[in-house]
Amino acid sequence: MKEDKDIEEKIEEKIENIKNGKASDEEILEFVNEAKEGYKSAAKSKGIIKVMMGFLVHPNSLVHLLITFVMNVSLVLAIEGFFDLIEYNEIGNLLIAASLFTVYEFILKMFILTFAIKIAFMTMGLIFIASHVSGFLLLDFFYKGFSFVSTPSFFVFLLLFSVVRLILSRYIRSYFLR
């Protein structure tokens, strides 16, 4: 930990010198080369980069899937409990719907991060909000045990789900990046 702080302080010092014009051309070039090397070494462990970009809550895919499943189930149950926005026959239907959504989202996210990472960058991650919309719409249309009460209830649910999940994800991600 102390080594990390020392490295961060040295980097901050170099950046300040560059900003203030105190760094020579050779020092600037050295800093750029160090940054390139750091990026290349981080690129070898793709999971860490994905976590740092904010697309995953944990570098291990299975742990990410488990954490996401717990978050999704908890949020679906909590939002339904407080606001009654979903029609369902029994509680098991909500659990199945949350499970299906988690699997759908995980597969779509892995596909995007593997084959279409440029789209994720170009949309600044908003493509994943589109996956929330499409995932819940697919559930509403094709899963008989789960449907939204009305169109406004769909949007209220989606807004609450996305915002609370974003906050939870950031908190969990910061815990794992300590």
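Bear in mind that the values here come from a model prediction, so they are computed numbers and not experimental data. Numbering of residues begins from 1 in every chain and follows the order in which that chain's sequence is written. Totals for whole chains, interfaces and linings use all residues, but because this is a predicted model, local features are given only for residues with pLDDT of at least 70 and pairs of side-chain atoms are given and counted only at 80 or more. The side-chain quantities take in all heavy atoms of the structure and omit both hydrogens and water.

**Student:** For this particular structure, what's the right way to read the side chain of His 64?
**Tutor:** Secondary structure counts use DSSP, requiring at least four H or I residues in a row for a helix and at least two E residues in a row for a strand, with both numbered from the N terminus. Take His 64: it is sitting in helix α4 (residues 61–83). Accessible area is worked out with a 1.4 Å probe on protein chains only. A residue is then buried under 20% of its type maximum, exposed over 50%, and partly exposed in between. Here His 64 falls in the buried class, since its relative accessible area comes to 3%. Within the structure, the side chain of His 64 is placed 3.1 Å from the backbone nitrogen of Val 57, a separation counted as a polar contact. Whether two residues are in contact is decided by their heavy atoms: any pair within 4.5 Å suffices. Discounting chain neighbours no more than four positions away, the residues touching His 64 are Phe 55, Leu 56, Val 57, His 58, Phe 106 and Lys 109. In protein, a polar contact requires one atom able to donate a hydrogen and another able to accept it; more generally it is a pair of N or O atoms within 3.5 Å, and residues adjacent in sequence count only if both atoms are side-chain atoms.

**Student:** Can you help me understand the packing of α4 against helix α8 (residues 151–176) in this one?
**Tutor:** Helix packing geometry: the angle between the two helix axes and the distance between the axes. Note on definitions: angles span 0 to 180 degrees between N-to-C directions of axes, and those axes are lines fitted to C-alpha atoms, for helices only across the stretch in contact. The geometry of α4 relative to α8 is characterised by a closest axis approach of 10 Å and an angle of 140° between their N-to-C directions. Considering the relative orientation of α4 and α8, their crossing is right-handed. Touching Ile 67, Thr 68, Met 71, Asn 72, Leu 75, Val 76, Ile 79 and Phe 83 of α4 are Phe 157, Leu 160, Phe 161, Val 164, Arg 165, Leu 168, Ser 169, Ile 172 and Phe 176, all from α8. In terms of residue class, the contact of α4 with α8 is built from 13 nonpolar, three polar and one charged. A crossing counts as left-handed when the near helix is turned anticlockwise from the far one by less than a right angle, and as right-handed when that turn is clockwise. Ten residues, namely Ala, Val, Leu, Ile, Met, Phe, Trp, Tyr, Cys and Pro, are considered nonpolar, four, namely Asp, Glu, Lys and Arg, are considered charged, and the remaining ones, Gly among them, are considered polar.

**Student:** Can you help me understand α4 in this one?
**Tutor:** Note: α-helices contain 3.6 residues per turn, so residues at a spacing of three or four share the same orientation. Take the residue count of a helix, subtract one, and multiply by 1.5 Å to get its expected span. For α4, which comprises 23 residues, the first-to-last C-alpha distance of 32 Å matches the rise-based estimate of 33 Å (1.5 Å per residue) to within 8%. For α4, every residue scored as buried is listed here: His 64, Ile 67, Thr 68, Met 71, Asn 72, Val 73, Leu 75, Val 76, Ile 79 and Glu 80. In the core, the buried residues of α4 are packed alongside β1 (86–87), α5 (91–115) and α8. Where α4 starts, the residue carrying a side-chain oxygen 3.0 Å from the main-chain nitrogen of Leu 62 turns out to be Asn 60. Asp 84, located one to two residues past α4, shows a positive phi value of around 50°.

**Student:** I tried to follow the packing of helix α7 (residues 127–142) against α8 on my own but got confused; where do I start?
**Tutor:** Here α7 crosses α8 at 135°, and the two axes come no closer than 11 Å. Judged on the interaxial angle alone, α8 and α7 are oblique. The two elements α7 and α8 cross, and the hand of that crossing is right-handed. Residues Ile 129, His 132, Val 133, Phe 136 and Leu 137 of α7 pack against Phe 154, Phe 157, Leu 158, Phe 161, Ser 162 and Arg 165 of α8. For classification purposes, an angle smaller than 35 degrees is called roughly parallel, one larger than 145 roughly antiparallel, one from 65 to 115 roughly perpendicular, and anything else oblique.

**Student:** Is there a simple way to explain the confidence of the model for the protein in this structure?
**Tutor:** In low-pLDDT segments, the atomic positions of the prediction should not be examined closely. Confidence of the predictor at the level of single residues is captured by pLDDT, which takes values from 0 to 100. Summing up the model confidence of the protein, the mean pLDDT is 83 and the portion of residues at 70 or higher is 81%. When mean pLDDT is taken per element in the protein, strand β2 (residues 147–148) scores highest with 96 and helix α3 (residues 46–53) scores lowest with 46. For the stretch residues 47–52, pLDDT sits under 50, and the model shows twelve contacts to residues farther than four places along the chain or on other chains.

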